[in-house]
Amino acid sequence: MNDKQRFAGKVALCTGAGRPEGLGEAILKRLAEEGCQVVVTDLGKPQRHMGSEHIGTTQEMEQVAEEIRASGGTATTFALDVRDEDQVEAAIAHAVAEFGGLDFMINNAGIGYLIQPVTEMAKEQWQAVLEVNLMGAFLCTKHAARQMLAQGRGGRIVNIASEAAKNGHPHMAAYTASKHGMLGLTRSTAIELGGHGITVNAVCPNHVTTGLGAVQNEYFAKYKNMTVEEYLADMRNRIPMARVGRTEDTANAVAWLCSEEASYVTAQGINVSGGAVLY
Ligand SMILES: NC(=O)c1ccc[n+]([C@@H]2O[C@H](COP(=O)([O-])OP(=O)(O)OC[C@H]3O[C@@H](n4cnc5c(N)ncnc54)[C@H](O)[C@@H]3O)[C@@H](O)[C@H]2O)c1
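Bear in mind the structure is a predicted one, so any value in this text is a computation, not a measurement.

### Considerations on the overall build of the chain
Okay, step 1: From N to C terminus, the chain includes 8 helices and 7 strands.
Okay, step 2: Its C-alpha atoms give the chain a radius of gyration of 18 Å, near enough to 19 Å, the size a compact globule of 279 residues would have.
Okay, step 3: In terms of principal-axis extent, the alpha carbons of the chain reach across some 50 × 40 × 40 Å.
Okay, step 4: Burial analysis of the chain (279 residues in total) assigns 52% to the buried set.

Now the structure itself:
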């Protein structure tokens, strides 16, 4: 356990946090290290469009929570499909029942593997991406904000957007539209909730080789007629900090946004991209 316990007494819920080596796992481990009580949520079971190779399973969620507890932290799990409003309400009620409230809502669940030229993309694929990446973040924001407003002690909502919230990418129209939309959600809700001490920000990471990131590497390496190694080397060459992102880069940014130091920072889309995105 870290000596610095700046999140003691706080409660965080993160969506899509059950997949090993994912951003959600790193975020919750980071918050828990500093004393935050955390709710690890994820789909748990495969769904339409999402085979078990793309999701955080019940067993994996439990493993994340167990690792947090083994390091001296406090964690519980909850199966949550962010597209289901009743489940969203139930997950927040679970955080309140287990830990007495909710301080940090991290909207991290995302689909990034449905990659298609726009001329080939089925309406169902578009909907699948938008429903998880954007509607899910809206539903979680809505119910987390209700809980935070009722508590009257402020709060933090952090949306895990992407470099794709600011740039276009071929074959990723649905994904980039969803992440651009997430910035709109961030800005509007930040204005609505600011007077109640609730900040809302987005973090925009560039490429991180998570489960989702690995699928994108495979696809785009093939698209560019490169090996995955060549594709990653090419990416590194274009990033000022000369490396791709790591899960802890995003986790550090989220921890800062949740801290008192960031209490006057809201409505921002913060790049964590080694300088790859300049605005
Ligand atoms: N890896 C990258 O390069 C990268 C870069 C920028 C942004 N992001 C974003 O970071 C977030 C986390 O992605 P990751 O890279 O850690 O990949 P990941 O695959 O490890 O995490 C995505 C998680 O979302 C969950 N999920 C999917 N549909 C869901 C639903 N309906 N309800 C609840 N959970 C659902 C999956 O089960 C999975 O655990 C995503 O929003 C992604 O778009 C990733």
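### Description of empty space enclosed by the protein
Okay, step 1: One pass over the full model with this rule turns up 1 cavity of 30 Å³ or more.
Okay, step 2: In this structure, the largest cavity occupies an estimated 30 Å³ of space.
Okay, step 3: Per element, the largest residue contribution to the lining of the largest cavity is 4 residues, and it comes from helix H4 (residues 123–151).
Okay, step 4: Considered class by class, the residues forming the lining of the largest cavity number 4 nonpolar, 5 polar and no charged.

### So, the domain arrangement of the chain
Okay, step 1: Entries for the chain in the domain assignment read domain 1 (11–206 + 245–267) and domain 2 (212–244).
Okay, step 2: Listed per partner, the contact involves 17 residues of domain 1 and 9 residues of domain 2.
Okay, step 3: Of all residues in domain 1, Ile 115, His 171 and Gly 245 give up the largest surface area on contact with domain 2, accounting jointly for 37% of the area buried on that side.
Okay, step 4: Taken together, the links from domain 1 to domain 2 amount to 1 salt bridge.
Okay, step 5: The shortest N-O distance in the salt bridge between Arg 243 and Asp 249 comes to 2.9 Å.
Okay, step 6: Counting across the interface, domain 1 meets domain 2 through 3 residue pairs in polar contact (both at pLDDT 80 or more).

### A few points about the packing of aromatic side chains
Okay, step 1: Taken as a whole and judged by the stated rule, the model has 3 aromatic pairs.
Okay, step 2: Judged by centre distance (5.1 Å) and plane angle (75°), the rings of Tyr 219 and Phe 220 are edge-to-face.
Okay, step 3: The exposure class of Phe 220 is buried, given its relative accessible area of 8%.
Okay, step 4: Measuring from centroid to centroid gives 6.2 Å for Phe 220 and Tyr 223, while their planes differ by 80°, and the two rings are edge-to-face. One end of the pair, Phe 220, and the other, Tyr 223, are both in helix H6 (residues 211–223), 3 residues apart, so they sit about a helical turn from each other.
Okay, step 5: Here the aromatic cluster, defined as three or more aromatic residues joined through ring pairs, consists of Tyr 219, Phe 220 and Tyr 223.

### Some thoughts on the site of the ligand
Okay, step 1: Surveying the vicinity of the ligand reveals 29 residues, the closest of which are Arg 19, Leu 23, Asp 42, Tyr 175 and Thr 210.
Okay, step 2: A distance of 3.2 Å separates an oxygen atom of the ligand from a polar atom in the backbone of Gly 110.
Okay, step 3: Contact distances for the ligand include 2.9 Å between an oxygen atom and a side-chain N or O atom of Lys 179.
Okay, step 4: Within the complex, 99% of the 810 Å² of free accessible area of the ligand lies under protein.
Okay, step 5: Taken together, the residues of the shell around the ligand sort by class into 14 nonpolar, 10 polar and 5 charged.

### Structural notes on the pattern of salt bridges
Okay, step 1: Within this structure, the stated rule accounts for 11 salt bridges.
Okay, step 2: Two residues, Arg 69 and Glu 66, come together in a salt bridge whose shortest N-O distance is 3.2 Å. Of this pair, Arg 69 and Glu 66 both sit in helix H2 (residues 58–70), 3 residues apart, which is roughly one turn of that helix.
Okay, step 3: Take Glu 66: its relative accessible area is 43%, and that puts it in the partly exposed class.
Okay, step 4: In this structure, Glu 85 and Lys 142 form a salt bridge, with 2.8 Å as the shortest nitrogen-oxygen distance. On the criterion of sequence distance, the pair formed by Glu 85 in helix H3 (residues 85–99) and Lys 142 in helix H4 is long-range, its members being 57 residues apart.

### Some points on helix H5 (residues 173–193)
Since the α-helix turns once every 3.6 residues, residues separated by three or four places project in the same direction.
Okay, step 1: Along its 21 residues, H5 runs 30 Å from first to last C-alpha, staying within 8% of the 30 Å computed at 1.5 Å per residue.
Okay, step 2: For H5, the full list of buried residues reads Ala 174, Tyr 175, Thr 176, Ser 178, Lys 179, Met 182, Leu 183, Leu 185, Thr 186, Thr 189, Ala 190 and Leu 193.
Okay, step 3: The elements touched by buried residues of H5 are strand S4 (104–107), H4, strand S5 (155–160), strand S6 (198–205), H6 and strand S7 (269–272).

Criteria and thresholds
- Residues numbered from 1 in each chain as written.
- Predicted model: local features only at pLDDT ≥ 70, side-chain atom pairs only at ≥ 80, totals over all residues.
- Heavy atoms only, no water.
- Helix = DSSP H or I, 4+ residues; strand = E, 2+ residues; numbered from the N terminus.
- Rg over C-alpha atoms; globule rule 2.2 N^0.38 Å.
- Buried < 20%, exposed > 50% of the residue type's maximum accessible area, 1.4 Å probe, protein only.
- 1 Å grid on protein atoms, 1.4 Å probe; cavity = no way out; pocket = protein on both sides within 12 Å on 5 of 7 lines; lining within 4 Å.
- Points joined across faces, edges and corners; volume = space filled by probe spheres on them.
- Nonpolar A, V, L, I, M, F, W, Y, C, P; charged D, E, K, R; others polar.
- Domains from an automatic or database assignment.
- Contact = heavy atoms within 4.5 Å.
- Buried area = accessible area lost by both parts, 1.4 Å probe.
- Salt bridge = Lys/Arg side-chain N within 4 Å of Asp/Glu carboxyl O.
- Polar contact = N/O pair within 3.5 Å; in protein donor to acceptor, adjacent residues only side chain to side chain.
- Phe/Tyr/Trp six-rings, centres within 6.5 Å; stacked < 30°, edge-to-face > 60°.
- Near = heavy atom within 4 Å.
- Areas by Shrake-Rupley, 256 points an atom, 1.4 Å probe, with all protein chains shown as cover.
- Expected span 1.5 Å × (residues − 1).

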